[in-house]
There are 2 protein chains.
Amino acid sequence: MKLLRRAPLTILASIAFACPPAAAQTAPALTETQAQNVERLIERGLEDDLAWEVLESLTTEIGPRLPASPAEARAREWGVAKLKKLGFKNVRIETFEMPYWERISEKAEIISPFPQQLIVTALGNSIGTPAGGITAEVMRFETLPALAAAPMEGFEGKIIFVDELMTRTQDGSGYGVAVAKRSGAAREAGKRGALAALIRSVGTDNHRGPHTGGMNYKEGIAQIPIAALSSPDADQLARAMKLANGPVTVKLDLSVTMKESEVSGNVIGEIPGQTDELIVIGGHLDSWDLGTGAIDDASGIAITMAAAKLIDNLRGKPKRTIRVVMWGAEEVGLYGAKAYAKQHADELDRHVLAAESDFGAGEIYRLDTRFGDGAVAKAAPMAVALRGLGVAPGATDIGGGPDIGPIRDLGVPVVSLRQSGWDYFDLHHTPDDTLDKVDPAALRQNVAVWAAFLYMASEMEGDFGRLPPKEVAE
Amino acid sequence: MKLLRRAPLTILASIAFACPPAAAQTAPALTETQAQNVERLIERGLEDDLAWEVLESLTTEIGPRLPASPAEARAREWGVAKLKKLGFKNVRIETFEMPYWERISEKAEIISPFPQQLIVTALGNSIGTPAGGITAEVMRFETLPALAAAPMEGFEGKIIFVDELMTRTQDGSGYGVAVAKRSGAAREAGKRGALAALIRSVGTDNHRGPHTGGMNYKEGIAQIPIAALSSPDADQLARAMKLANGPVTVKLDLSVTMKESEVSGNVIGEIPGQTDELIVIGGHLDSWDLGTGAIDDASGIAITMAAAKLIDNLRGKPKRTIRVVMWGAEEVGLYGAKAYAKQHADELDRHVLAAESDFGAGEIYRLDTRFGDGAVAKAAPMAVALRGLGVAPGATDIGGGPDIGPIRDLGVPVVSLRQSGWDYFDLHHTPDDTLDKVDPAALRQNVAVWAAFLYMASEMEGDFGRLPPKEVAE
């Protein structure tokens with residue numbers, strides 16, 4: 001188990017495909033009524049308009065929703081109004097405090113030998129440059145490991161450029177590798193005495209909208225400003241360095257605002273069940289500021305809200321309560337997720353299952369789970385019921401997702417309805433994360449899968465076990 | 001003839017396909033040596049690396065090249081150096097003066113009821129807003145004709161939004177329709193007393209980089225500032241108006257610089273021929289400021305320069321001189337083209353043919369021509385020779401292109417090697433017009449077609465006639 005937890009997801013997935021859980025044959029099948037309800041929910045999900053309405057409303061009426069910003073506060077009010085209007089119960093905001101970061105302006109240009117603008121965006125949590133910017137010679141590294149392996153000398157007075165490419169994959173596994181430079185570049189460059197860092201955007205597109213995203217400094221290492229170049233601008237800077245007969249000088253000018261503490265919050269609504277057992281689902285309400293957060297993560301909000309509403313539309317109460325959480329401030333450090341785990345510590349044993357939707361609006365292609373040891377076989381009948389929607393059975397030892405991470409670490413079993421992410425990192429954290437990028441048909445498939453899954457999770461006999469406490473890395 | 005000149009190109013094309021010129025059978029065929037040279041040039045064109053080198057050099061070392069800007073001046077010096085290095089003769093800059101326009105800053109936001117930024121770009125030649133911007137209620141029109149048909153009242157104090165969509169076509173014919181709003185929106189809104197105008201970008205992409213482009217005011221009509229929203233931002237504004245229960249207020253803040261006169265110029269180089277007859281080819285050296293002008297029109301510069309160089313590489317001089325012109329200041333009113341026609345008025349009778357490359361770097365799929373009445377049949381053997389490169393015979397009564405328009409209007413026959421433009425208007429005039437968008441294989445196909453065409457145009461017996469003087473529209 002320990003070994004498996006550390007293996008990459010792709011390996012887990014192939015194990016899961018090659019060796020379906022031995023206990024699958026002994027898993028409880030759905031009753032005839034349950035099977036009929038699943039079919040009904042799938043039909044309704046595939047005709048659903050609510051998710052699109054919610055998605056359109058959030059991305060249009062609120063737009064970008066930077067964590068702890070006035071826009072995120074408006075989004076919470078929007079969430080409360082929407083949940084109440086749809087008939088959700090116990091609708092409330094649970095606030096928490098957190099540090100605030102906001103970009104003011106960002107500009108970069110090649111000063112010599114080929115003067116021209118470059119398009120950049122500051123990474124979240126980056127400090128600004130001194131007024132007037134930083135003008136310095138650029139040193140380029142093909143990858144973050146190449147920078148990390150470089151000698152400690154020769155970086156003084158330089159701007160470091162980490163030009164690492166990201167690989168496009170369906171499951172997003174290219175991101176985990178590529179995103180390391182987002183904090184790593186400033187740390188490695190900072191500890192070598194560089195003035196600033198630039199990275200090629202962590203993304204897979206070739207447009208001029210750079211990808212932002214959160215970064216963090218490390219105590220004891222000098223903090224230097226860091227920004228991402230769009231992919232064509234990274235190409236351009238690399239080419240300029242190739243064609244120049246000598247140093248290439250760049251000016252970087254970032255201005256940001258930081259505040260020690262501002263208010264953010266989670267928005268919660270429920271479809272009450274017949275028992276006090278809870279299933280927690282949701283997406284995150286905040287977004288980066290460059291786009292309108294349509295795929296990251298208004299889609300997750302819309303899909304989970306619409307699926308829960310389909311359960312509510314069935315005759316009678318579900319067996320278990322379905323709690324929809326619109327997580328706050330996910331993008332800059334999972335503040336909402338951590339606050340929830342703390343604020344709900346005394347009722348975590350009621351949480352029988354958690355799942356989140358936070359990978360865009362691509363079709364769901366796999367049901368991944370992590371149930372307690374005695375309950376692993378319960379994934380099998382769920383997967384069978386979702387087969388007609390193109391969903392395959394998947395791994396049984398997955399993480400679940402960022403916002404349910406803190407409660408998973410406290411023992412709550414998790415499900416991941418894995419979405420196809422071929423184009424997710426073309427859009428993620430960019431100005432291009434807008435409503436037009438969402439395919440309404442794929443959104444409906446998500447609602448159908450979620451509704452069917454929710455129903456089964458609510459009605460199945462017995463719970464999903466408990467997970468062992470998190471093994472903290474040394 | 002008169003009727004055909006007014007017919008849309010698509011109709012002309014289908015006529016051309018259905019009824020090849022009757023004289024085709026009587027056209028002079030190529031000699032055996034000529035046919036061998038054509039084959040050799042095609043082979044070399046398909047292996048060409050020079051066009052890519054030129055394209056990379058111009059877009060990287062100079063970058064954006066706004067008409068009459070310091071960057072365009074650097075591009076002229078670049079052009080002279082490049083032509084000389086490649087062995088072109090009579091290399092020179094021919095300057096002219098023109099008005100100058102430059103964007104300083106541009107910003108738009110929805111103020112109420114859904115506050116958020118919108119991404120806009122000022123159209124070339126637009127005036128700025130008063131300091132502090134213009135804040136006003138938005139009135140939306142589905143198309144420019146709808147605005148033009150609106151009553152004259154009710155526009156005072158408003159910002160007019162023309163949300164017209166553009167159709168994607170291979171031949172770019174959707175552009176002619178869609179671009180009318182670029183000047184039309186400000187004129188129609190201005191004469192009705194509106195404060196400012198916004199248009200949906202004239203383009204076919206769905207990214208957040210808006211399309212700029214030149215506009216002109218009309219004498220006697222109030223001048224109002226105008227900017228283009230990116231396509232997702234136009235969607236967003238239209239949706240905000242749909243979801244709002246009342247007026248939507250937008251703030252537009254544009255700052256521009258205008259100067260009455262600055263210097264621009266054409267750059268010229270030649271492959272001298274055995275006779276004093278001239279073939280003029282080229283692309284335009286200037287570009288819009290948002291991208292690096294890779295497809296518009298560094299590609300045209302690169303393709304024509306590389307093709308001329310392949311002719312120069314043949315044994316012996318070509319029969320006719322091949323003059324490469326890097327036209328200046330095309331984007332804002334064909335200043336270079338008009339200056340050339342004036343500056344070369346006394347030698348226009350030596351110009352036996354003109355052709356330009358100004359539609360990106362997509363593969364050439366058709367040979368369109370406009371030769372004098374007695375020479376129409378000469379297109380046929382040219383087209384036959386280009387068949388293997390995927391080039392079909394096309395219309396015989398086309399315009400040729402913007403930069404050769406003024407000399408065509410004075411009688412010079414023209415050829416258009418038509419490029420596939422499916423994605424041209426995804427990139428045209430946007431920040432995304434960058435080198436990575438050019439397919440090196442398609443660029444080589446262009447060089448091969450151009451080299452073969454140039455050779456035939458240079459070596460064919462007899463000239464291509466003269467065109468009748470332009471019929472000036474009333």
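Residues numbered from 1 in each chain as written. Chains lettered and ligands numbered in written order. Predicted model: local features only at pLDDT ≥ 70, side-chain atom pairs only at ≥ 80, totals over all residues.

Undergrad: Looking at this structure, I do not really get the overall build of chain A. What am I missing?
TA: Of regular secondary structure, chain A possesses 15 helices and 14 strands. A globule of 474 residues ought to have a C-alpha radius of gyration of about 23 Å, and chain A, at 23 Å, matches this closely. If you line up chain A on its principal axes, its C-alpha atoms span 75 × 45 × 40 Å. For chain A, long-range pairs separated by at least 24 residues make up 83% of all intrachain contacts whose partners lie at least 6 apart in sequence. (Helix = DSSP H or I, 4+ residues; strand = E, 2+ residues; numbered from the N terminus. Rg over C-alpha atoms; globule rule 2.2 N^0.38 Å. Contact = placed C-beta atoms within 7 Å.)

Undergrad: I tried to follow the relation of the copies chain A and chain B on my own but got confused; where do I start?
TA: Copy one and copy two of the chain differ by a rotation about an axis and a translation along that axis. For these two chains of identical sequence, chain A goes onto chain B by a turn of 180 degrees and a shift of 0.0 Å along the axis, with RMSD 0.0 Å. Within this description, the copies of the chain are treated as partners about a two-fold rotation axis. Both copies share a contact surface, since 100% of the interface residues of chain A are interface residues in chain B too. (Least-squares fit on C-alpha atoms with pLDDT ≥ 70 in both.)

Undergrad: Even after reading the chapter, I still don't get the interface of chain A and chain B, so can you show me in this structure?
TA: On the side of chain B, 24 residues touch chain A, which itself brings 24 residues to the contact. Broken down by element, the side of chain A that touches chain B gets its largest block of residues, six residues, from helix α9 (residues 231-243) of chain A. Residues that form the side of chain A that touches chain B fall into these classes: eight nonpolar, nine polar and seven charged. (Nonpolar A, V, L, I, M, F, W, Y, C, P; charged D, E, K, R; others polar.)

Undergrad: What is the right way to look at the pairing of strand β12 (residues 364-370) of chain A in this model?
TA: All names here are of chain A. Summarising burial for β12: six of the seven residues are buried, a large majority. Judged from the six bridges that link them, β12 and strand β14 (residues 414-419) form a sheet pairing that is antiparallel. What sits directly across from Arg370, in β14, is Val414. Bridge count for β12 against strand β13 (residues 392-393) is two bridges, and the pairing is parallel. Bridging from a neighbouring strand, Arg366 pairs with Ala392 of β13. Each parallel crossover has a hand, and for β12 linked through helix α12 (residues 379-386) to β13 it is right-handed. (Buried ≥ 20, exposed ≤ 12 C-beta atoms within 10 Å, placed from the backbone. Pairing = 2+ DSSP bridges. Right-handed = clockwise from strand over helix to strand, strands pointing away.)

Undergrad: Even after reading the chapter, I still don't get the confidence of the model for chain A, so can you show me in this structure?
TA: The predicted coordinates of low-pLDDT regions are not to be read in fine detail. Put simply, chain A has an average pLDDT of 93, and 93% of its residues get 70 or more. Below a pLDDT of 50 lies the segment residues 1-25 of chain A, which in the model reaches 29 contacts outside its immediate sequence neighbourhood of four places, other chains included. (pLDDT = per-residue confidence, 0-100.)

Undergrad: Before we go on, may I ask you to explain the packing of helix α12 (residues 379-386) of chain B against helix α15 (residues 440-459) of chain B in this structure?
TA: The description of two helices packed together rests on the angle between their axes and the distance between the axes. Residue and element names in this part refer to chain B. At a closest axis distance of 10 Å, the pairing of α12 and α15 adopts a crossing angle of 145 degrees. By crossing handedness, the relation of α12 to α15 is classed as right-handed. Between α12, through Met382, Ala385 and Leu386, and α15, the contact on the second element is made entirely by Val449, Ala452, Phe453 and Met456. A breakdown of the residues in the contact of α12 with α15 according to their chemical character gives seven nonpolar, no polar and no charged. (Axes fitted to C-alpha atoms, helices over the stretch in contact; angles between N-to-C directions. Left-handed = near helix turned anticlockwise from the far one by under 90°.)

Undergrad: So what exactly am I meant to see when it comes to helix α3 (residues 32-46) of chain B here?
TA: Structural remark: α-helix, 3.6 residues per turn; residues separated by three or four positions point the same way. All names here are of chain B. Here α3 is 15 residues long and its end C-alpha atoms lie 21 Å apart, about the 21 Å a rise of 1.5 Å per residue gives. All of the buried residues along α3 are Asn37, Val38, Leu41, Ile42, Arg44 and Gly45. The buried residues of α3 occupy one face: seen down the axis, they fall within an arc of 165 degrees. Facing away from the buried side of α3 by over 90 degrees, the exposed positions are Glu32, Gln36 and Glu43. Where α3 is buried, its residues contact α10 (294-313), α12 and α15. (Expected span 1.5 Å × (residues − 1). Arc of directions from axis to C-beta.)

Undergrad: I tried to follow the pairing of strand β9 (residues 278-284) of chain A on my own but got confused; where do I start?
TA: Looking down a regular strand, the side chains alternate between one sheet face and the other. Residue and element names in this part refer to chain A. In terms of residue burial, β9 counts as a mostly covered element, since seven of its seven residues are buried. Side chains Leu278, Val280, Gly282 and His284 project from β9 onto one buried face, and the interleaved Ile279, Ile281 and Gly283 project onto a second face that is buried too. Bridge count for β9 against strand β10 (residues 321-327) is seven bridges, and the pairing is parallel. Following the sheet pairing, His284 is matched in β10 by Trp327. For the segment spanning β9, helix α10 (residues 294-313) and β10, crossover handedness is right-handed. Note that β9 and strand β11 (residues 351-356) share five bridges and pair parallel. The residue of β11 that forms the bridge with Val280 is Ala354.

Undergrad: Explain unusual backbone geometry here, please?
TA: Trans is the common state for peptide bonds, and a negative phi is the common state for residues other than glycine. The step from Ser112 of chain A to Pro113 of chain A runs through a cis peptide bond, and the omega angle for that step is 5 degrees. With an omega dihedral of 10 degrees, the bond running from Asp296 of chain A to Asp297 of chain A counts as a cis peptide bond. Mapping Asp297 of chain A onto the fold places it in helix α10. Here Ala68 of chain B, not a glycine, exhibits a phi torsion of approximately 65 degrees, which is positive.

Undergrad: Could you clarify how one ought to interpret the domain arrangement of chain A in this entry?
TA: As a measure of interface size, the accessible area lost when the parts come together is often cited. All names here are of chain A. We note that the domain assignment places domain 1 (2-99 + 261-459) and domain 2 (114-247) within chain A. Placing the centre of domain 1 and that of domain 2 at their C-alpha centroids yields a distance of 33 Å. The interface is formed by 21 residues belonging to domain 1 together with 20 residues belonging to domain 2. At the level of secondary structure, the elements contributing two or more residues to the side of domain 1 that touches domain 2 comprise α2 (9-18) and α14 (424-427). Here the side of domain 1 that touches domain 2 is composed, by residue class, of ten nonpolar, seven polar and four charged. (Domains from an automatic or database assignment.)

Undergrad: Where do I start with helix α4 (residues 50-62) of chain B in this structure?
TA: Here α4 of chain B contains 13 residues, and its C-alpha end-to-end distance of 17 Å stays within 8% of the 18 Å for a straight helix at 1.5 Å per residue. Listing the buried residues of α4 of chain B in full gives Ala51, Val54, Leu55, Leu58, Thr59, Thr60 and Ile62 of chain B. Buried-residue contacts for α4 of chain B involve α9 of chain A together with α5 (70-85), α10 and α15 of chain B. After α4 of chain B finishes, the residue Gly63 of chain B shows a positive phi value of roughly 75 degrees.

Undergrad: Which parts of the structure should I look at to understand the environment of Phe141 of chain A?
TA: Residue and element names in this part refer to chain A. Locating Phe141 in the fold gives a position in strand β4 (residues 134-141). With 22 C-beta atoms packed within 10 Å, Phe141 lands in the buried category. Along the chain, Phe141 and Leu435 lie 294 residues apart, while their C-alpha atoms are 35 Å from each other. Not counting residues up to four positions away in its chain, the partners in contact with Phe141 are Ala146, Leu147, Ile160, Phe161, Val162 and Asp163.

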